[in-house]
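A look at the structure
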Amino acid sequence: MASVRPIAMYSWKEILPRMEEIRAEATEQFISAWKDAQARHAHDFTWHETMGYVIVKRDDAARRIVLSPRGPELARELGFVFDPGSAGFHPQDPGTADRPRTAVDPAAEAAETHWRPAHARFALRCEPPYLRTFSLEQLALQTEKCLQERRRILKQRLNADEMLLSVSQFPLLGAGTYIDRQGPPNGPLLRSQLLSDICLNPMAPFILEIGGITDRRGIVPYTGVPIYRDTHTMWPFVDQDLAADPYKGGILVHSSSSGRDSACSMTTPAATTSPADLGTKGLPADASPRDSRHSHTAPTLSRPLLLEPPSNRSCLLLDSPLFGIGSGGVLRVTLCAADLDEARLLHDQLAPISAIMAALTAATPIVRGHLVNRDCYWDVQCGTVDDRSAQERGIVPLTTAKGTLLKSRYGSIDTYLGPEKLTPDAAFHRQYNDCQFTYDCESYWKMKGDVGIDHLLSLHVSRLFVRDIHYASEHMLGSSEKNGTANGQEHFKRFLGCSRQNVCLYPPNKRTGSGWEVEFMSLETQLTDAENAALITFIVLLSRVIISYRLNLYLPISLMDQNMARSQKVNAAREQLFYFRRDLFGGRDGKSNGSGRISKRGNSASTWHTVHHSHGTAGPERGVFGLHNSGQPESAEYVELTVDEIINGSDTYRVTGILNIIFNYLHTMRLEYDVEQALRRQLMLIKKRASGKLCTLASWMRNYVQSHPDYAQDSVVPQSVNYDLLRTMNDIEEGRVAAPELLG
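Residues numbered from 1 in each chain as written. Predicted model: local features only at pLDDT ≥ 70, side-chain atom pairs only at ≥ 80, totals over all residues. Heavy atoms only, no water.

Considering the pattern of salt bridges
Summed over all chains, the structure comprises 45 salt bridges. Across the pair glutamate 733 and arginine 151 runs a salt bridge whose closest N-O atoms are separated by 3.4 Å. Linking glutamate 733 in helix H23 (residues 719–733) with arginine 151 in helix H6 (residues 143–155), this pair joins segments that are 582 residues apart in sequence. Its salt-bridge partner being glutamate 531, residue arginine 689 comes within 3.0 Å of it at the nearest N-O pair. One end of the pair, arginine 689, is in helix H21 (residues 673–691); the other, glutamate 531, is in helix H15 (residues 529–549), with 158 residues separating them in the sequence. Each member of the pair, arginine 689 as well as glutamate 531, carries the same accessibility label: buried. Each of the salt bridges in this network shares a partner with another, and the network as a whole consists of Arg151, Lys155, Asp529, Asp731, Glu733, Glu734 and Arg736. (Salt bridge = Lys/Arg side-chain N within 4 Å of Asp/Glu carboxyl O. Helix = DSSP H or I, 4+ residues; strand = E, 2+ residues; numbered from the N terminus. Buried < 20%, exposed > 50% of the residue type's maximum accessible area, 1.4 Å probe, protein only.)

Given below as structure tokens:
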């Protein structure tokens, strides 16, 4: 039998001379998918979840728990086969497979689960074998059982001294002894002073992506995580574990970057800029459409252009992309829309809720063996995978780079998609897209000018192409086969895969039969299957309510970014205020409630107006935002609300509450009693956690550590505390220990 020749994989440095060619092919692939979707019939609404787990090994005699690097081995045992020519697994549309569309046997589904390794050797990911059709009975009665069966199958393959945890980050990663068979740091793969190379999955794509992030930036992307100041914490705190200060004079050490692609910068204009100044194509009327150096302008709030490196004062420093990519558990919900219009609606309306859900699911108060001054891992993850060069970060003047990039390749969305055709009564207003970002002009004009894809969708896609992909297979570089890989989408999917935002849009997939998809990314995985099932149910039901009631959750992106920053803070679910729309039904597409807000939005002289700010105040004096005309604020447009008020409603601020809208939706569905009660039980977990009656996992973990007798109130989490913490968490998941303050 003839041997199969291994498929070659190429690093970022090797493919850099052909990056423009790869971008052009990726653009063509998106255009092809967009054209195919125009001729296709609408899809039924489907969805699926992605779960991730961490495998740990315990030593009861030594009271120590470390990571187990058996992820790749377990993935192979569970049927994973690496295909370097594929853009990744995607669940099948149930209509393309010979199987029932609604009936689900949890055991049968779990047996067909697609398991795959992650970047870290101690983590595993999984998806269901096919897309789930929207069935309230299935959502209520089967989702948790499917998660439980999947976990049971994986646990059966663990060794007697191993445990399976759904946690967003192992608490001691990078601190002392943290993984079985740990080798020395500063290995050739990770180039980290904190992590041993055994942490990295030895598969070529993972090695090349981690290396590509470091190579492109010019140095390992150091990320500062503020330390939590406890009674006996050394202050100012100094990170003792790094051999040398990565900063020199406050600036990251970096090497010269290579030449960059043709890109144009969407810049913040002066306060006098108005929509009337813009041409019909979104550029000033006297601009050349193909001028790659031209600045696209839109009315925005002021934002600083210069980006300073993170301070290492009283911070832990993380020195590897592996701290943020593929090293922990995940929970993501992907929604397959009926068509592009529905996908755009879901993308835009789910984005403002992402910060609220991040605060509600906060689960990472411990990083590198220390209590940190944040409860979520979102910003840490975004920082560790930041591959921008010093020029793109604004640290040094632009010479070879074509523009400054204000965000990492992971972060919140850059632009709303809006409807394809704007009408006077549309809920979307161009002023909501009030933040600066950079996009690739060549791909933009190829899509908009040559093909006719609308302005906002062209911007959304072309912003992907100012980034580089970090590796490529020979399929992507070979002209004879490049359209045969992953059904002609490998190039585009690779750009999508390395640019993750709080909400992601994916084009239709020919192979699986799925349509346009929206992935909700900001959830942190929870300890138990019941919690994760409740979150999945909430997101799926919210998506149906958005579509059925045409809810209007639009916020200016600048306010959404502020919300994301607040969601990271300690105990944000109880203590922080978040900007949110007061009236979710006003200004719906084609359904203005006659409040006068729609006509005011149409005034080209309008700007976002801050009435007042009182951050952290629980009383009526809170910041409200709105459009103003002749100095009169529309104070009802936005108001700072607690998570409780956003989810459960507020009579004081006349806020309906998202859960109340969902309960009303369920009432109209006339469900069987057992189905409705099961859904309400799941949603009550969300309700109680939002109200503060139940704490977040982050709060529970922080309280556990601070009350442990071995904790010295110095922010350091020793091995013995970590051992007891994770053993208790495992016992809670398996039902041996009650946690009423967490689960009710």
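The structure having been displayed, the exposition proceeds.
Section: helix H22 (residues 697–706)
Buried residues dominate H22, accounting for seven of its ten residues. All of the buried residues in H22 are Leu697, Ala698, Ser699, Trp700, Met701, Arg702 and Val705. Of the surrounding secondary structure, the elements contacted by the buried residues of H22 are strand S14 (366–367), strand S15 (370–371), H23 and helix H24 (740–743). (Contact = heavy atoms within 4.5 Å.)

Side note on the environment of valine 705
With respect to the helices, strands and loops of the structure, valine 705 is situated in helix H22. Taking relative accessible area as the criterion, valine 705 reaches 0% and is therefore assigned buried. The spacing of valine 705 and serine 715 is ten residues in sequence and 9.3 Å in space, taken between C-alpha atoms. With sequence-adjacent residues up to four places away left out, valine 705 is seen in contact with Ile366, Leu371, Tyr711, Val717, Val721 and Leu725.

Digging into empty space enclosed by the protein
The tally for this structure, following the rule as stated, stands at six cavities of 30 Å³ or more. By volume, the largest cavity amounts to about 180 Å³. In terms of lining residues, the largest cavity is bounded by 19 residues, among which Lys407, Ser408, Asp414, Phe437 and Arg467 are the most central. For the lining of the largest cavity, the residue count by class is six nonpolar, eight polar and five charged. (1 Å grid on protein atoms, 1.4 Å probe; cavity = no way out; pocket = protein on both sides within 12 Å on 5 of 7 lines; lining within 4 Å. Points joined across faces, edges and corners; volume = space filled by probe spheres on them. Nonpolar A, V, L, I, M, F, W, Y, C, P; charged D, E, K, R; others polar.)

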